[in-house]
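Structural overview
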Amino acid sequence: MRIDYVRMQKRKMLLLCAFLAATTEALRPPAKVVVLDAYTATAGVFQDRDAAWRPALRAGDELVVYDRTAPSDVVERLSNADVAVVNKVLVTDSLLSAVPTLGLVSVTATGVNNVDLEACEKHGVAVTNVPAYSTPSVAQHVIACALDFTNKIHRQSAAVRDGAWLNSPDFCCFPERTTEIAESVFVVIGGGATGTAVATAASALGADVRVVSARDRRSLDAALAEADFVSLHVPLAPETESLVDAAFLNALKPSCCFINTARGPIVDEGALLAALNDDGLAAAYLDVLAEEPPRKDSPGAALIAHDRCFVTPHTAWATDQSRRRLVDTACASIAAFLRGDELKYQV
């Protein structure tokens, strides 16, 4: 009997807690959630752009979604907003002063360098990000770049299309030289989630992987001198800006392949262009540039035009699966904030 009584009391307590939680939820006023630059997260992946964000909402909450927002429109669009969802939009002290209703800035990215974190703390505004959502996507892109360098699939196919094989006296022809990743020295700079994933993938292909820190200059210099591949996986910070400069590039073998899927300003683009022009580097694969999109007269545009530099438009992160993870995780953080729950990915 005593056991039954205890069980009954526990059940009553659980029901009471559930009732109180539901009551608290119901008493919270409706919130306004504004997504300022949704396009890159949702385009081509979600048939209904707005529906992608609705899992974040409670009944009665308001949702406003914009594909893009010009700096001059940010304050007006955030009028009376409780939550701002941003990707590249700048969140400054003046913006927070102009929108005192804001309680959460949800950044749909891992990096939060577009947000003034000190100002957010001063104004009592929480900030969340989305860590590690793109790790498989970026790692896959890096390996794709390495395989393009070794196997030259597109250039071989183009040569065949132009008649190279049709005119061959042998069963095969060699429009391009190809090599193996196995036993190559694959240097990964940065040992975070993405760097570790790249290291694992390169190891699976038989590479001799060296994971080094950008802060350990002695180990970095030693690794660069032996590298057949170099892949960057460090955040943009004062100490990593222009990390890849003339001295860095001069340390590489002329046969080395350089890959950057991190951030554009980590590379001195003028120095990289000079290295390519002077045959100090075999190839460069860039998914990021210092200026995005690049102006026609920018160093990035000159790199795009170089025949041994292969540039993709900042899409290493953007597989369909990666962008679904991004939106789902952001929605979960917004929903937690609106419920008054602890924020798992608070910066």
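Everything quoted here is computed from the prediction, not taken from an experiment.

Turning our eyes to something else, we now look at the pairing of strand E9 (residues 257-260). Along E9, one buried face is formed by Cys257 and Ile259 and the opposite face, lined by Phe258 and Asn260, is buried too. Of the strand pairs in this sheet, strand E8 (residues 229-232) and E9 are connected by 4 bridges, and their pairing is parallel. Within E9, the position partnered with leucine 232 by the bridge is asparagine 260. Bridge count between E9 and strand E10 (residues 283-286): 4 bridges; the pairing is parallel. Each bridged residue has a counterpart across the sheet, and for phenylalanine 258 the counterpart in E10 is alanine 284. Taken together, E9, helix H11 (residues 269-277) and E10 constitute a β-α-β crossover, and its handedness is right-handed.

Let us now look at the sheet that holds strand E11 (residues 309-311). What the 6 strands build is an open sheet, ordered E7-E6-E8-E9-E10-E11; its pairing is parallel. Across the chains shown, the open sheet's two edge strands, defined by having one partner strand only, are strand E7 (208-212) and E11. Averaged over all neighbouring strand pairs, the angle between strand axes comes to 15 degrees, with direction disregarded. One ladder, built from 5 bridges, connects strand E6 (residues 185-189) with E7; its direction is parallel. Within E7, the residue paired with phenylalanine 186 across the bridge is valine 209. The strands that helix H8 (residues 193-204) touches are E6 and E7; relative to E6, the one it contacts most, it runs at about 170 degrees.

So, about the packing of aromatic side chains. Tallied over the full model, the rule gives 5 aromatic pairs. Summarising the aromatic geometry, the rings of phenylalanine 149 and phenylalanine 229 are spaced 5.8 Å apart at their centres and angled 85 degrees between planes, so their arrangement reads as edge-to-face. Here the residue phenylalanine 149 occupies a position in helix H6 (residues 135-151), and phenylalanine 229 occupies one in strand E8, the gap between them amounting to 80 residues. Put simply, the rings of Phe149, Phe186 and Phe229 pair up and form one aromatic cluster. Residue placement shows arginine 77 over the ring face of tyrosine 66; its charged tip is 3.9 Å from the ring centre. In this structure, arginine 324 packs its charged tip against the face of phenylalanine 46, placed 4.7 Å from the ring centre.

Another aspect to go through is the pairing of E6. Burial runs high along E6: 5 of the 5 residues are buried. Burial of E6 is two-sided: the residues Val185, Val187 and Ile189 facing one way and the residues Phe186 and Val188 facing the other way are all buried. After leaving E6, the chain enters H8 and then returns to the sheet as E7, a path that is right-handed. With 4 bridges connecting them, E6 and E8 associate as parallel partners. Looking at the pairing, isoleucine 189 lines up with leucine 232 of E8.

A few words on unusual backbone geometry. A cis geometry characterises the amide bond from glutamate 292 onward to proline 293, with omega recorded as -5 degrees. Considering the arrangement of structural elements, one finds proline 293 in the loop between E10 and helix H12 (299-305). The residue histidine 314 is not glycine, and still its phi comes out positive at about 55 degrees. As for its placement among the helices and strands, histidine 314 is situated in the loop between E11 and helix H13 (320-339).

Procedures and definitions
Residues numbered from 1 in each chain as written. Predicted model: local features only at pLDDT ≥ 70, side-chain atom pairs only at ≥ 80, totals over all residues. Heavy atoms only, no water. Buried < 20%, exposed > 50% of the residue type's maximum accessible area, 1.4 Å probe, protein only. Helix = DSSP H or I, 4+ residues; strand = E, 2+ residues; numbered from the N terminus. Pairing = 2+ DSSP bridges. Right-handed = clockwise from strand over helix to strand, strands pointing away. Axes fitted to C-alpha atoms, helices over the stretch in contact; angles between N-to-C directions. Contact = heavy atoms within 4.5 Å. Phe/Tyr/Trp six-rings, centres within 6.5 Å; stacked < 30°, edge-to-face > 60°. Lys NZ or Arg CZ within 6 Å of the ring centre and 35° of its normal.

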